[in-house]
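Read off the chains here:
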Amino acid sequence: MTFEHTHTEWSGVMFSILRDAGVKLFCYVPDRGNDRLISLAETDNKARAILLTTEEEGLAICAGADLVGERGILCMQSSGVGNCPNYLSLVNGARFPLLMMVTMRGDYGEQNPWQYPMGRAVEPILKAMEVLMFNVEHRNELERTTVAALNATGKGAQSAAIILSQKFLGAKGF
């Protein structure tokens, strides 16, 4: 089975779970790890993909969506987490339930030395901002992890991140 086939399959499963839970806004900074999920949002008449210039814009959009009773998700690469602490403090202080999907770099199989520092910083940053982390390393963890994060950010009213590891995604060669 090729990477492209598995990427298409899990993205479709995750998209269906998110849409069934009422997620309508898919805020994103482009990344190969989220490209298929975003293309599904772009073709769904009841979803909206929102291209961001920076990750913290997505935090504000998701908080605004919550204020009007809608659900969104912020999709970004692990390096983008470093742009978010100031806005995460706002989300934390105001108790907005925030859902994020973080595609990792700087872990399993990484070949780019520049990705390691931020890859190591993701967990400490999210922990400091009181964001719950739900990790996916294997395909059989995707559904239950996505549902757990949705539950935490729904009636649980927490901030949560679905962390897709490079073991799950496959390591990039650049």
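To start, this report covers the structure provided alongside it. Because the structure is predicted, anything quoted here is derived from the model rather than measured.

Right, let's talk about helix 5 (residues 85-94) for a bit. For an α-helix, 3.6 residues make a turn, and residues three or four places apart therefore share a direction. Buried within helix 5 are the following residues: Leu88, Val91 and Asn92. For helix 5, the angular spread of buried residues about the axis comes to 100°, placing them on one side. Exposed side of helix 5, more than 90 degrees from the buried face: Asn86, Leu90 and Gly93 are the residues found there. Buried residues along helix 5 sit against helix 3 (55-67), strand 4 (99-103) and helix 6 (116-128).

For the rest of this paragraph, the subject is the pairing of strand 4. Remark: a regular strand shows side chains that alternate across the two faces of the sheet. A large share of strand 4 lies buried, amounting to five of its five residues. Residues Leu99, Met101 and Thr103 point to one face of strand 4 and Met100 and Val102 to the other, with burial holding for every one of them. Where strand 4 lies against strand 6 (residues 160-164), five bridges are found, and the strand directions are parallel. Within the sheet, the bridge partner assigned to Thr103 lies in strand 6 and is Leu164.

Next up on the list: the side chain of Gln166. Structurally, the position occupied by Gln166 is in helix 8 (residues 166-169). For Gln166, a relative accessible area of 2% translates into the label buried. A polar contact is formed between the side chain of Gln166 and the backbone nitrogen of Asp107, at a distance of 3.1 Å.

Here the phi dihedral of Arg95 falls at roughly 60°; this positive angle occurs in a residue that is not glycine. Position of Arg95 among the secondary structure elements: in the loop between helix 5 and strand 4. The phi dihedral of Ala157 is positive, around 55°, even though this residue is not glycine. With respect to the helices, strands and loops of the structure, Ala157 is situated in the loop between helix 7 (142-153) and strand 6. The exposure class assigned to Ala157 is partly exposed, which follows from its relative accessible area of 34%.

To continue, consider the environment of Gly156. With respect to the helices and strands, the residue Gly156 is situated in the loop between helix 7 and strand 6. Distance from Gly156 to Asp20, taken between C-alpha atoms, is 17 Å for residues 136 residues apart in sequence.

One key point about sheets: their strands pair by backbone hydrogen bonds, in either a parallel or an antiparallel sense. Spatial strand order, 2-1-3-4-6-5: six strands in an open sheet with parallel pairing. Edge positions in the open sheet fall to strand 2 (48-51) and strand 5 (132-136), since each of these has one partner strand only. For this sheet, the mean inter-axis angle between neighbouring strands, taken without regard to orientation, is 20°. Where helix 7 meets the sheet, it contacts strand 1 (23-28), strand 3 (71-77), strand 4, strand 5 and strand 6, and its direction lies at approximately 165° from that of strand 5.

Those residues of helix 2 (residues 35-43) that sit buried are Leu37, Ile38, Leu40 and Ala41. In a view along the axis of helix 2, the buried residues occupy a sector of 155°, so they form one face of it. Opposite its buried face, helix 2 presents the exposed residues Glu42 and Thr43, each directed more than 90 degrees away.

Rules behind the numbers
Residues numbered from 1 in each chain as written. Predicted model: local features only at pLDDT ≥ 70, side-chain atom pairs only at ≥ 80, totals over all residues. Heavy atoms only, no water. Buried < 20%, exposed > 50% of the residue type's maximum accessible area, 1.4 Å probe, protein only. Helix = DSSP H or I, 4+ residues; strand = E, 2+ residues; numbered from the N terminus. Arc of directions from axis to C-beta. Contact = heavy atoms within 4.5 Å. Pairing = 2+ DSSP bridges. Polar contact = N/O pair within 3.5 Å; in protein donor to acceptor, adjacent residues only side chain to side chain. Axes fitted to C-alpha atoms, helices over the stretch in contact; angles between N-to-C directions.

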